[in-house]
Amino acid sequence: MALPNPEIRHLLARTGFGMARPEEIDALSGRSYAQAVDRLLDGVATKPFTTPPDWLNVPLFAQLEANLPKDRRDAMQMERREDGREMKAWWWAEMLNTPSPMTEHMVLFWHNHFTSALNKVSRPELMYRQTELFRTMALGNFEKLVKASAKDPAMLVYLDTNSNKAGAPNENFARELMELFTLGEGRGYTEQDVREAARAFTGWRVVTGNTSATGWRVDGLQHDGGSKKFMGRTGRFDGDDIIDIILQQPQVAEFVTEKLWHDLVSDPADRVEVQRLAKAFRDSKYELKPLVRAVLLSDAFRDPQNRGSLVKSPTDLIVGTFRVIGTPPANPSLFAAAGRALGQDLLDPPNVKGWPGGLSWIDTSLLPARNAFMNGVAAGVEVQVTGKQTLATQARRDMKNLPVQALDADRLKKMSALPDAEVAALLLPVAPVAKINGVGGKVGALLLDPTYNLK
Amino acid sequence: MNRRNFLATAAMAPLVSFVPYRLAHAAARWDRVLLLIELSGGNDGLNMVVPYADPNYAKLRPTVGIKREAVLQMDERLGLAPEMSPLMPLWKNKELAVALGVGYPDPNLSHFRGIDIWNTATDSDESATVGWISQIFKAGEAPPVEFAADGIVVGRGSVGPLRAPDRRVLVLENGGAAAMNEAKRMVAAPDMGGGNAALAHVLATQQSFKMSSAAVLAKNVDKVDPGATFPAGDFGSQLQMAARLLVGGVQVPVIKATLGGFDTHAGQPVDQPALLAQLASGITAFSESMKKNGLWDRVMVMTYSEFGRRPKENGSSGTDHGTAAPHFIAGGKVKGGFYGAQPSLTDFFDGNNLTHTTHFRSMYATAASEWWGISVPFLKEKPLGVVKA
């Protein structure tokens, strides 16, 4: 094996989970970079690879529940909590196993943009449907994505559209639609616009009791069909009309492009480049795939100085590590627990703004858990490579109960036999900065290098 | 005085003109510590500081209400839950202040959103990620660099008010052994320069964590005798840890502890009194430890919770999510007594919930300006005036 192609490694690390398997890098190497980008984007799957839990397609019981006797209701809530844990575990398993990590990277990107949280939505099947929406539309059309998100049952619950009614409008969704989903805080809308937009979304309801395609309907009695004044226009606008008017504002394309830039390229963003790409994005009527393609082909993305300039999220750190040196997880709920311990409880973002990300993934309060986890991995590597079982207990404790068997002994033995430079080029985005003599040999040393936190 | 007159006066009396300048830059009181106690789950304030003389109280709470004869009277209207008797000496000694009806306009009744608002000191329709303590340190003055940390969280609770990427916050669960071990084995590489901002951040955070941990380790806090007996259980251990840190001489301006389990939708008459007993005996043990070590004038204890609970009880011996609630401020420099007005039990703002009478940011302004002497414009509300001169 030769040194992995660094540019392809960078491409896969940034569009996936912070690093890539050697065979994934090899599969895209040996052709031009532009061809590799196209092949990557054309291969982005829209369906999950891991079979979802079988409780997903049951009817929604929300309306009936209140009429149930208390013990039955309690039992249902217990079951729902269990389903919630299973749902989280399923998503971690999907991220760890999928042959299309970019799909899940984008699902996570949209989960962190059009946020909803299981702790409020409380029905895991709705959260599953929402991730399915993001999976299907991840690189599709942003206008369609906004409109579908507005009608998504989890979103209808999370931002209270489900209780938004004529005469007593709830502004929660209308405000976040502009502030967080499309325009950016305070950019081009007024409090009056928020109030009027809230009226347009009145009566939008989750369909309960069946499994309709969208899970959304309009309750005519609760909908305010009157005239609204919104962003200087007047009409009997409904929710889709409001979204159409918002999407006519040029700052939408800039806002979304900048957020994608932060995710894929650098933080802070290059303003001139963002404006150039945003114009093309708007001209394309919000097609996401050409936008992402242009970002990945930009000089800034390809600049070798750009490698290792972003901090890995806890999800990057865990999923990336176990995709490259792990085996398919036997108990994926342990990965969900690890993510929570390191600061990223997927499907339960801290608030409607999502995880702030960037440098805030690492602070003095989060660092010990992250460091302990990687120490556990390094100890696990030692066990799997040398067979020295004395470290197994410590490895398991530090890896938040993940067993050493979650690390792939064959892969690690092969990797440990490679020249140092080759292993470093696979595991790290830039040259290591520390000389660490701990457990796990050369692999362990690189896993504990400060640059392993970067992508 | 208009500006012209002021300038003229200043020119005539140059020394006088320096006075406001000096006051504005008076050093913050970093010898003072704030102990924050989060009552997680939404504490029912009406059953903690009971409006026993209000006939509406008993009407609203035929099952979960505390009987008038059991209440520990604080004045002719309000009294403590009986399980909080350990706090009565502090109250009688005027070392315990109670802020009444603490809340904010347009309250949010979700646990998650509610605590978010309290953690970040935002209005209820705003979202922020940096905690209010960290905002104070950023907007005003930051604690001295030679301090062990900007804040220490004892126990498993959230970092909440201290959250910020660039602050030095230690989380010390179960006496902090795990974090201290991590600090010992972490290889903190020096920043040789030439790396990018992300690498510099990782290296700086590692250094910062190691230095903070070393400052705590140097004091051997697990060997420190706090000089008081703390109640058994996790919360008692947290406050014991807080006392050991301070008695041991660890320099830190904020310590945060958490007592959870206040989401009493059902079985409240069993669950909440047990929690209030822990709270009262914990605070009392902490105050005894501080007094014995001559530190009581240097600490201020402050409670908070994501919301209070519904005045009218529900059908399952509990109370649902509500709004305003009383909160405690205690310390040797605290002027004991009630602050603000007790919310009405008939004039509800939405037909069901208490109208807040004291903005929660007044408590934060108290910590910032009265306690530490830091001026922070983002806290628009006036401090409560509880700190002795």
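Predicted model only: the values in this text are computed from it and were never measured.

Calculation rules
Position numbers for residues start from 1 in each chain and track the written sequence from start to end. Starting at A for chains and at 1 for ligands, labels are handed out in the order in which the entities are written. Thresholds applied to this predicted model are a pLDDT of at least 70 for local features of residues and 80 or more for the giving and counting of side-chain atom pairs; totals over whole chains, interfaces and linings are not thresholded and use all residues. Just so you know, side-chain values use all the structure's heavy atoms and leave hydrogens and water out. Secondary structure elements are defined from DSSP: runs of H or I of at least 4 residues count as helices, runs of E of at least 2 residues count as strands, and each element is numbered from the N terminus. Computation of the radius of gyration draws on C-alpha atoms alone. For the globule rule, the value is 2.2 Å times the number of residues to the power 0.38. Here's how the labels work: a residue is buried when its accessible area is under 20% of the maximum for its type, exposed when over 50%, partly exposed in between, all with a 1.4 Å probe on protein chains only. Contacts are assigned to residue pairs that have any heavy atoms within 4.5 Å of one another. To be clear on the numbers: accessible area is Shrake-Rupley with a 1.4 Å probe, and residue cover counts the displayed protein chains and nothing else. The charge count treats Lys and Arg as positive and Asp and Glu as negative. His and the chain ends do not count. In plain terms, the charge of a residue is placed at NZ if it is Lys, CZ if Arg, CG if Asp and CD if Glu. By convention in these notes, a salt bridge is any Lys or Arg side-chain nitrogen within 4 Å of a carboxyl oxygen on Asp or Glu. By buried area we mean the combined loss of accessible area, with a 1.4 Å probe, across both parts when two parts are placed together. Two N or O atoms form a polar contact when they lie within 3.5 Å of each other; inside protein one atom must be a possible hydrogen donor and the other a possible acceptor, and for residues adjacent in sequence the pair counts only when both atoms belong to side chains. Segment limits for the domains were obtained from an automatic or database-derived domain assignment. The angle between two axes is taken between their N-to-C directions and runs from 0 to 180 degrees, where each axis is a line fitted to C-alpha atoms and a helix contributes only its stretch in contact. To sort the angles, those under 35 degrees are grouped as roughly parallel, those over 145 as roughly antiparallel, those from 65 to 115 as roughly perpendicular, and the leftovers as oblique. Three categories are distinguished: nonpolar for Ala, Val, Leu, Ile, Met, Phe, Trp, Tyr, Cys and Pro, charged for Asp, Glu, Lys and Arg, and polar for the others, with Gly belonging to the last. Two strands are counted as paired when DSSP detects at least two bridges linking them. Remark: nonpolar core denotes a set of buried residues (Ala, Val, Leu, Ile, Met, Phe, Trp, Tyr, Cys) joined through side-chain atoms within 4.5 Å. Centres within 6.5 Å make a pair out of two Phe, Tyr or Trp rings, where for Trp the six-membered ring is used; the pair is then stacked when the planes are under 30 degrees apart, edge-to-face when over 60, and tilted otherwise.

**Q** I'd love a proper account of the overall build of chain A, names of residues and values included.
**A** A tally of helices and strands in chain A yields 24 helices and four strands. The C-alpha radius of gyration of chain A comes to 23 Å, within 12% of the 23 Å expected for a compact globule of 455 residues. Along the three orthogonal principal directions, the C-alpha set of chain A runs to about 70 × 60 × 40 Å. In chain A, buried positions account for 60% of the 455 residues. In chain A, the proportion of contacts linking residues at least 24 apart, taken out of those at least 6 apart, comes to 72%. Per element, the accessible surface of chain A, about 17600 Å² overall, is 52% carbon and sulfur. Across chain A, 56 positive and 55 negative side-chain charges occur, with their mean positions spaced 1 Å apart.

**Q** So what about the overall build of chain B? Which residues, and what values?
**A** Secondary structure assignment for chain B yields eleven helices and twelve strands. Expected size for 389 residues packed as a compact globule is a radius of gyration near 21 Å; at 22 Å, chain B falls within 12% of this value. C-alpha extents for chain B along the principal axes are approximately 70 × 65 × 40 Å. When burial is assessed residue by residue, chain B has 56% of its 389 residues classed as buried. Carbon and sulfur atoms provide 56% of the accessible area of chain B, an area that totals close to 15800 Å².

**Q** Tell me about unusual backbone geometry, and name the residues and values.
**A** Residue and element names in this part refer to chain A. Following Asp 267, the chain continues into Pro 268 via a peptide bond in cis, with omega recorded as 5°. Here Pro 268 is to be found in the loop between α14 (250–264) and α15 (271–283). Even without being a glycine, Asp 160 presents a positive backbone phi close to 65°. Note on placement: Asp 160 falls in the loop between α10 (153–158) and α11 (172–182). Relative accessible area serves as the criterion here: at 18%, Asp 160 is assigned to the buried category.

**Q** Outline the pattern of salt bridges, supporting the account with residue identities and numerical values.
**A** All names here are of chain B. The final tally for this structure, using the stated rule, is 45 salt bridges over all chains. Its salt-bridge partner being Arg 168, residue Asp 150 comes within 3.3 Å of it at the nearest N-O pair. Pair noted here: Asp 150 is in the loop between α6 (132–139) and β6 (151–154) and Arg 168 is in the loop between β6 and β7 (169–172), with a separation of 18 residues, a long-range link. Just as Asp 150 is buried, Arg 168 falls in that class too.

**Q** Requested: an account of the interface of chain A and chain B, with residues and values cited.
**A** A common measure of how large an interface is: the accessible area buried when the components associate. Each partner contributes residues to the interface: chain A has 34 residues there, and chain B has 30 residues. Across the interface of chain A and chain B, roughly 2800 Å² is buried in total on both sides, 63% from carbon and sulfur atoms. There are three salt bridges connecting chain A and chain B. Between Asp 125 of chain B and Arg 175 of chain A there is a salt bridge, and its shortest N-O distance comes to 3.6 Å. Across the contact surface, chain A and chain B share 13 residue pairs in polar contact (both at pLDDT 80 or more). Looking at the side of chain A that touches chain B, the elements with two or more residues in it are α20 (367–386) and α21 (392–398) of chain A. In terms of residue count, α20 of chain A provides more of the side of chain A that touches chain B than any other element does, five residues in total.

**Q** Describe the domain arrangement of chain A, listing the residues and the values that go with them.
**A** Residue and element names in this part refer to chain A. Domain assignment breaks chain A into domain 1 (141–266 + 268–306) and domain 2 (310–453). In this structure, domain 1 and domain 2 have C-alpha centres spaced 36 Å apart. Facing ten residues of domain 1, the contacting portion of domain 2 comprises four residues. Around 490 Å² of area is buried between domain 1 and domain 2 when both sides are counted, 65% of it from carbon and sulfur atoms.

**Q** Could you give me a rundown of the side chain of Lys 147 of chain A, with the residues and numbers involved?
**A** Residues and elements named next belong to chain A. Looking at where Lys 147 falls in the secondary structure, it is placed in helix α9 (residues 142–151). Judged by its relative accessible area of 16%, Lys 147 is buried. Apart from the residues within four sequence positions on either side, Lys 147 is in contact with Asp 240, Ile 243 and Asp 244.

**Q** Run through the packing of helix α5 (residues 70–97) of chain A against helix α6 (residues 101–111) of chain A, naming residues and quoting values.
**A** For any two helices packed against each other, one specifies the crossing angle of their axes together with the interaxial distance. Residues and elements named next belong to chain A. Where α5 contacts α6, the two axes come as close as 10 Å, and the packing angle between them is 140°. When the axes of α5 and α6 are compared, the pair comes out oblique. Contacts from Trp 91, Glu 94 and Met 95 in α5 reach Glu 104, Val 107, Leu 108 and His 111 in α6. A class-by-class count of the residues in the contact of α5 with α6 yields four nonpolar, one polar and two charged.

**Q** Explain the sheet that holds strand β2 (residues 49–50) of chain B to me, and be specific about the residues and the numbers.
**A** All names here are of chain B. The antiparallel open sheet is built from three strands, whose spatial order is β2-β4-β3. Looking along the sheet, the strands with just one partner apiece sit at the ends: β2 and β3 (72–73). Sheet topology note: the β3/strand β4 (residues 79–80) ladder contains two bridges and is antiparallel. From the neighbouring strand, Gln 73 faces β4, where its bridge partner is Gly 79.

**Q** Hey, could you go over the environment of Tyr 364 of chain B for me, with residue numbers and the actual values?
**A** Residues and elements named next belong to chain B. Mapped onto the secondary structure, Tyr 364 falls in helix α11 (residues 360–372). Expressed as a C-alpha distance, the spacing of Tyr 364 and Ala 121, which sit 243 residues apart in the sequence, is 8.2 Å. Beyond its immediate sequence surroundings of up to four residues, Tyr 364 is in contact with Trp 118, Ala 121, Trp 132, Ile 136 and Leu 379.

**Q** Could you give an account of the environment of Val 247 of chain B, with specific residues and numbers?
**A** Residue and element names in this part refer to chain B. On the secondary structure map, Val 247 appears in helix α9 (residues 234–247). Remark: the alpha-carbon pair of Val 247 and Thr 63, spanning 184 residues in sequence, is separated by 44 Å. Not counting the four nearest positions on each side in its chain, Val 247 is found in contact with Val 224, Asp 225, Ser 289, Met 290, Asn 293 and Leu 295.

**Q** Account for the nonpolar core, with residues named and values stated.
**A** By size, the foremost hydrophobic cluster in this structure holds 220 residues, and its most contacted members are Trp 110, Phe 142 and Phe 322 of chain A together with Leu 279 and Phe 286 of chain B. By residue number, the principal contributor to this core is α20 of chain A, which donates nine residues. Two domains each provide a minimum of three residues to this core, namely domain 1 (141–266 + 268–306) and domain 2 (310–453) of chain A. Among all residues touching Phe 322 of chain A, those that are not within four sequence positions of it are Leu 96, Thr 327, Phe 335, Phe 373, Val 377, Met 399, Leu 402, Ala 406 and Leu 407 of chain A.

**Q** Hey, could you go over the packing of aromatic side chains for me, with residue numbers and the actual values?
**A** All names here are of chain A. All told, the structure shown has 25 aromatic pairs over all chains when counted by the stated rule. Both rings, one in Phe 109 and one in Trp 110, keep their centres 4.9 Å apart while their planes meet at 75°; by these two values the pair is edge-to-face. A relative accessible area of 0% places Trp 110 in the buried class. Geometrically, the ring pair formed by Phe 114 and Phe 134 is stacked, given 6.2 Å between the ring centres and 25° between the ring planes.

**Q** Please provide a residue-by-residue account of the side chain of Ser 116 of chain A, values included.
**A** All names here are of chain A. Along the chain, Ser 116 falls in the loop between α6 and α7 (118–121). Overall, Ser 116 belongs to the buried group, its relative accessible area being 0%. Engagement of the side chain of Ser 116 in a polar contact is seen with the side chain of Gln 130, the distance being 2.9 Å. Contact partners of Ser 116, with chain neighbours within four places excluded, come to His 111, Val 121, Met 127, Gln 130, Ala 154, Met 155, Tyr 158, Leu 347 and Pro 349.

**Q** Which residues make up helix α23 (residues 420–427) of chain A, and what values do they have?
**A** Regarding α23 of chain A, the residues found buried are Glu 422, Val 423, Ala 424, Leu 426 and Leu 427 of chain A. Buried residues along α23 of chain A sit against α1 (6–15), α2 (22–28), α18 (314–325), α22 (409–416) and α24 (441–447) of chain A.

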